[in-house]
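These are the residues of each chain, in order.
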Amino acid sequence: LAEAPEDWKQLLETCLEEPPERFVFLWSLDEGAPGSGKDGALFGSDALLHLAQAVEVLGPTATLRLDLVTRGAQSIGREHVVAVEQAPVIGLLRVAANEYPNLTCRGIDLPPAASAADEVLLWGELFQNDSECEVAFRGEARYVRRIGRGLPRREELLDPSVPLRMESLERGLLSSLRLVPFALPPCGPGQIVIEVKAAGMNFRDVLKALALYPAETADARIYGDEVAGVVKAVGRGVTDVAPGDRVFGLAVFGLATHAMARSGDVRPIPDGLSFEEAGTLPVVFMTSWHALKTVAHLEAGERVLIHAGAGGVGMAAIQIAHHLGAEVIASAGSPAKRELLRVLGVKHVIDSRRGDFTESVMEITGGKGVDVVLNALAAEAIPMGLSCLAPFGRFVEIGKRDIYQNSRIPLWPMRKNASFHVVAMDAIFSGDEELTRQLLEKISGLVEQKALRPLQFRAFPACRVDAAFRWMAQGKHTGKVVVAFPEPFVTRRGEPLATGFEVKPDGCYLITGAFGGFGKVLAGWLADCGARHLVLTSRSGPATSEAEEFLAKLRGRGVDVQVVRADVGSREDVQRLLAEISSAGHPLKGVFHLAMVIDDAPLASLTRERMRSVLAPKAHGAWLLHEGTLGLDLDCFVLFSSVSSVFGNLAQGNYAAANAFLDALALHRQALGLPALAINWGALGGEGYVARNERVAEYLARLGLAALTPDEVIVLLESFLSAGAAQAMALRADWSKWRQAFRAVQDSPLLDNVIAAGAEGAEIGGAKNNWALKIEGAAPEEREGIIGEAVRDVVGSVLRVKPESLRDDQPLTDLGLDSLMAVEIENSLEAAIGVALPPASLMHARTIGQIATLIAEYAGGNAEADSPAPVAPVPPVESARAEAVDLEALSDEEIDQLLEGEIEVEKSAPEVRA
């Protein structure tokens, strides 16, 4: 019998001659509905308790493994209702893992619905020998348990009407790009709202994502300038387009499902064009037409030199020049791009990297020169280009670098009536709406006439926007990169617009365990928030003068306080309590369940009665409140849980089991669409249990837990409610001491994410990906080797290769490393290791070994390294990049050349070149 401890001891005594090596506990699979069975308040926990106690029969030297098998008891997302009745045994298992040094405990959670595949999954997991303590299967997917750090994001399946736009959750890391909800402003006069189907990308977007764009600029976090889609709404005075029209053009925040644009910045999409094709047109063709026709007045029979011909503007300019009947000479920096220009019909192709392109141009033109130069090169390329001009020639500068640097130009080449023009399209797009409209109208007409055609492109679905950025960052594409927004490929899980949590004056709020320390804190907070009707309940009621004084203060503030004596572990008492609340005439809007009994003891000393005394008010009481309020429209259902259920505190088996039920109940309710929040509190100061028990406070301090103040508790509670969290943990911990106290945590990756996110003062060893702590704890002679492992891990993730395949002496350029990929690696290394390298240092340290040596020097890990020390101190990464390179002053064509090595960008100390 499960409830008979002597049966379990007798069972194991029969195994003394051949002790088993492991136990597979399947008893939980037979657990019925919560509260059912001979003693519903125990939730079937007695079987596992008695097995753990009986293990002592086998002696302390026996090495055993216990596999607890449950079904649907762990929460994976929010799509499945959690089997709460099995949760207490999971909490009990976590305590057993810490109390029994000879017992290795593992939790295996099978899919909620039984199937023939369960046997294969279970047998496969039983023979696993990794460091995971708890795993769960959903289908064939295997999930592991992790604790995250920071305020949980409120994620839910968003309605398609909620607009999303791309944002970088952490500047500098392409992996942090996400589509997140935003509030679309109302459509004003002369504006239109576009449901974006495709958005064109530019290098400027990549630079912003990599934190290479000046952070102080107004558009540093705005992604996307050109879109194609369907008009959803129009403002007053808009007559050119109507809802339902297919349009393309310019928009702010173009990398989004919905974008706002001026009516003059869009045109109907020409017949026969897809959204993706239309998304390649606006910026490059408008720039090229304005430069060549409006400014340079290029005529048929004239010659034009187009630099960076394989770039977006260059390819558009070639089409326009051919349309106008001009003869084209185009430059490009690589053999592949020069071959592409020949395929595009360019008769004369030259190498822009050669210093004698002037001679090539003059040779092609028989010494006459060209009539127009469309220039995107910098520095010496400008006087060289000017010297290529024929009499009455026009030089059109579309780059920005030399202009922002106030560079000088020689006037001698201008003596033959030549002219110098500057084209700054950003100023036109933002300031001259009429000229923008005319340019877009002209381009649209030429495309409709088949005189111009969209650029070649590569499209990425919105769910792989990170891949689009990585592809563009490599700088090896031709034409345009486009992000497409077909509905099935738009990730609709995200954080909805903030709604917050509101206390309603006409509602009623119930607090159980109300006359403990934090019951009074909560009641005061609710009153401060405007609550005027409170129901406070406990088994003994206001039994002290302090409690009576507190009630008097609440009533003196105009709060209607109803005191009900009730045992929330009793079904009859809960039914009476809810009936009294209903009869008062104020709708119950919130439940705060604080009721508890603490009776700590090692598992070996616990009995069914001691288990019941703790589980009944806390776990069974929570279930009775859940059942009793199912028909009510609650705004919150808050359960005060404990870190004991997360970590398995020693000597708190009954308490951990009860709190594990609360955790599961909150997840269970949210899966049903009901409000719920379970908070796993650490030590609570003020008037709570810990503050009233000095020995408990001293014990927790030895574990590394410091108390949270009442004010901190309230702030955290409000944050968790506003975030819509189902379960959140709040504690102030010294992780070094905490690890020493919990055997089950020492070798587990449970806290990897906490440490990786930078938990202050964390010193947990053994975390698989916790490179900073591994390096810090390593012996000096081992440190560089561990740094090398970390570098391989980061480089492999960015370059999409297996880390173990990377050799220390392998040049990363062999794997396709370029300057922007190097920036992403630098950002990722700083996040993983905590060392900020000088900007572009990876373009000097070209192998894994050289990078590891460089990091070791900056981390103080290899004082005798052979490599020379850097010439200047390490500046903060983001600020150094923003100050050293004015990338706002670079055009997309200049950025393209930067990636290809055709121009150099000077940076401040330490002096490097990309």
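Residues numbered from 1 in each chain as written. Predicted model: local features only at pLDDT ≥ 70, side-chain atom pairs only at ≥ 80, totals over all residues. Heavy atoms only, no water.

> Whenever I open this one, the overall build of the chain confuses me. Can you help?
The helix and strand inventory of the chain stands at 33 helices and 31 strands. The proportion of buried residues among the 914 residues of the chain is 57%. Here the contacts in the chain between residues at least 6 apart in sequence split such that 71% fall between residues at least 24 apart. Element-wise, carbon and sulfur atoms account for 51% of the exposed surface of the chain, whose accessible area totals about 37,800 Å². (Helix = DSSP H or I, 4+ residues; strand = E, 2+ residues; numbered from the N terminus. Buried < 20%, exposed > 50% of the residue type's maximum accessible area, 1.4 Å probe, protein only. Contact = heavy atoms within 4.5 Å. Areas by Shrake-Rupley, 256 points an atom, 1.4 Å probe, with all protein chains shown as cover.)

> Could you clarify how one ought to interpret the pattern of salt bridges in this entry?
Oppositely charged side chains are able to pair whenever their charged atoms sit close together. Taken as a whole and judged by the stated rule, the model has 36 salt bridges. Among the ionic pairs, Lys480 bridges to Glu226, the shortest N-O distance being 2.5 Å. Here the residue Lys480 occupies a position in strand S21 (residues 480-484), and Glu226 occupies one in strand S10 (residues 226-234), the gap between them amounting to 254 residues. Residue classification places Lys480 among the buried positions, given a relative accessible area of 3%. The salt bridge partner of Arg732 is Glu712, with a shortest N-O separation of 2.6 Å. Here the residue Arg732 occupies a position in strand S31 (residues 732-733), and Glu712 occupies one in helix H24 (residues 710-723), the gap between them amounting to 20 residues. Under the relative-accessibility criterion, Arg732 is labelled partly exposed at 36%. You can call Glu712 partly exposed: its relative accessible area is 27%. In this structure, a network of salt bridges that share partners links the residues Arg106, Glu125, Asp130 and Arg142. (Salt bridge = Lys/Arg side-chain N within 4 Å of Asp/Glu carboxyl O.)

> Is there a simple way to think about the packing of helix H19 (residues 608-628) against helix H21 (residues 653-671) in this case?
In a pair of packed helices, the angle between the axes and the distance between the axes together describe the arrangement. Here H19 crosses H21 at 10 degrees, and the two axes come no closer than 8 Å. It follows from the interaxial angle that H19 and H21 lie roughly parallel. Only Asn654, Tyr655, Ala657, Ala658, Asn659, Phe661, Leu662, Leu665, His668 and Arg669 of H21 make contact with H19, whose side of the interface consists of Arg610, Met611, Val614, Leu615, Lys618, Ala619, Ala622, Trp623 and His626. Class assignment of the residues belonging to the contact of H19 with H21 gives a composition of 12 nonpolar, four polar and three charged. (Axes fitted to C-alpha atoms, helices over the stretch in contact; angles between N-to-C directions. Parallel < 35°, antiparallel > 145°, perpendicular 65-115°, else oblique. Nonpolar A, V, L, I, M, F, W, Y, C, P; charged D, E, K, R; others polar.)

> Whenever I open this one, the side chain of Glu132 confuses me. Can you help?
For Glu132, the location among the structural elements is in the loop between helix H4 (117-126) and strand S4 (134-138). Given a relative accessible area of 10%, Glu132 falls into the buried group. Of the polar contacts made by the side chain of Glu132, one reaches the side chain of Arg146; its length is 2.8 Å. Once you skip the residues sitting within four places of it in the chain, Glu132 turns out to touch Arg106, Arg142, Val144, Arg146 and Pro749. (Polar contact = N/O pair within 3.5 Å; in protein donor to acceptor, adjacent residues only side chain to side chain.)

> Help me understand the pairing of strand S27 (residues 636-642) in this model?
Remark: a regular strand shows side chains that alternate across the two faces of the sheet. With seven of its seven residues buried, S27 lies for the most part within the structure. Covered by surrounding structure in S27 are Cys636, Val638, Phe640 and Ser642 together with Phe637, Leu639 and Ser641, the residues of both alternating faces. Pairing between strand S26 (residues 588-593) and S27: four bridges, direction parallel. Within S27, the position partnered with Val591 by the bridge is Phe637. Crossover S26 to S27 through H19 is right-handed. As defined by bridge partners, S27 adjoins strand S28 (residues 677-681) across five bridges and the pair is classed as parallel. By the bridge assignment, Leu639 is partnered in S28 with Ala678. (Pairing = 2+ DSSP bridges. Right-handed = clockwise from strand over helix to strand, strands pointing away.)

> Explain the confidence of the model for the chain to me, please; I cannot follow it from the model alone.
A residue-level look at the chain finds 85% of positions with pLDDT of 70 or above and a mean pLDDT of 84. Considering each helix and strand of the chain separately, the mean pLDDT is smallest for helix H32 (residues 877-884), with a value of 32, and largest for S26, with 98. This model gives residues 758-769 a pLDDT under 50, and the stretch forms 25 contacts once residues within four places in sequence are excluded. For the stretch residues 899-914, pLDDT sits under 50, and the model shows 53 contacts to residues farther than four places along the chain or on other chains. (pLDDT = per-residue confidence, 0-100.)

> Looking at this structure, how should I read the sheet that holds S27?
Two orientations exist for strands paired in a sheet by backbone hydrogen bonds: parallel and antiparallel. Across the sheet, seven strands lie side by side as S25-S24-S23-S26-S27-S28-S30; this open sheet has parallel pairing. Because the sheet does not close on itself, it has two edges, and the strands there are strand S25 (560-565) and strand S30 (727-730). Direction aside, neighbouring strands of the sheet carry axes that sit 15 degrees apart on average. When strand S23 (residues 508-512) meets strand S24 (residues 533-538), the two strands line up parallel, connected through four bridges. Bridging across to S24, Ile511 finds its partner in Leu536. The sheet strands contacting helix H18 (residues 571-583) are S23, S24, S25 and S26, and the helix crosses S25 at an angle near 160 degrees. Lying on the sheet, H24 is in contact with S26, S27, S28 and S30; it crosses S28 at an angle near 145 degrees.

> How do you make sense of the packing of aromatic side chains when you look at a structure like this?
What describes a pair of aromatic rings is the distance from one ring centre to the other and the angle between the planes of the rings. The full count for this structure, using the stated rule, is nine aromatic pairs. Both rings, one in Trp123 and one in Phe127, keep their centres 6.1 Å apart while their planes meet at 20 degrees; by these two values the pair is stacked. Relative to Phe469, the ring of Tyr223 has its centre 6.1 Å away and its plane inclined at 75 degrees; by these criteria the two rings are edge-to-face. One end of the pair, Tyr223, is in the loop between helix H5 (203-209) and S10; the other, Phe469, is in helix H15 (residues 465-473), and 246 residues separate them in sequence. Each member of the pair, Tyr223 as well as Phe469, carries the same accessibility label: buried. Among the aromatic residues, ring-to-ring pairing joins Phe43, Trp623 and Phe661 into one connected group. It is Arg165 that lies over the ring of Phe253; its NZ or CZ is 3.9 Å from the centre. Sitting above the plane of the Trp471 ring, Arg458 keeps its charged end 4.3 Å from the centroid. (Phe/Tyr/Trp six-rings, centres within 6.5 Å; stacked < 30°, edge-to-face > 60°. Lys NZ or Arg CZ within 6 Å of the ring centre and 35° of its normal.)

> In this structure, what is going on with the sheet that holds strand S15 (residues 327-332)? I would like to understand it.
Read from one edge of the open sheet, six strands run S16-S15-S14-S17-S18-S19, paired in parallel fashion. With partners counted over all chains shown, the strands left at the sheet margins are strand S16 (348-351) and strand S19 (419-422), one partner each. Pairwise comparison of adjacent strand axes, ignoring direction, gives a mean angle of 20 degrees for this sheet. As defined by bridge partners, strand S17 (residues 370-375) adjoins strand S18 (residues 389-397) across five bridges and the pair is classed as parallel.

> I tried to follow the side chain of Glu99 on my own but got confused; where do I start?
Within the element layout of this structure, Glu99 appears in helix H3 (residues 87-99). There is a polar contact of 2.9 Å between the side chain of Glu99 and the backbone nitrogen of Leu603. Beyond its immediate chain neighbours, meaning those up to four positions away, Glu99 contacts Ala601, Pro602, Leu603, Leu650, Ala651 and Gln652.

> What's the story with the nonpolar core in this structure? I'm lost.
Burial of nonpolar side chains together is a common tendency in soluble globular proteins. Formed by 73 residues in total, the largest nonpolar core has its most connected members in Leu66 and Leu603. When residues in this core are grouped by element, the largest group, 10 residues, is from H21. Listed in part, the 55 residues of the second largest apolar core include Ala198, Ile318, Ile320 and Ala330. (Core = buried A, V, L, I, M, F, W, Y, C linked by side-chain atoms within 4.5 Å.)

> Any chance you could explain the environment of Ala228 here in plain terms?
Position of Ala228 relative to the elements: it lies in strand S10. Remark: the alpha-carbon pair of Ala228 and Arg246, spanning 18 residues in sequence, is separated by 7.5 Å. When neighbours within four sequence positions are excluded, Ala228 is seen to be in contact with Val196, Lys197, Ala198, Val247, Phe248, Ile269, Phe275, Ala278 and Gly279.

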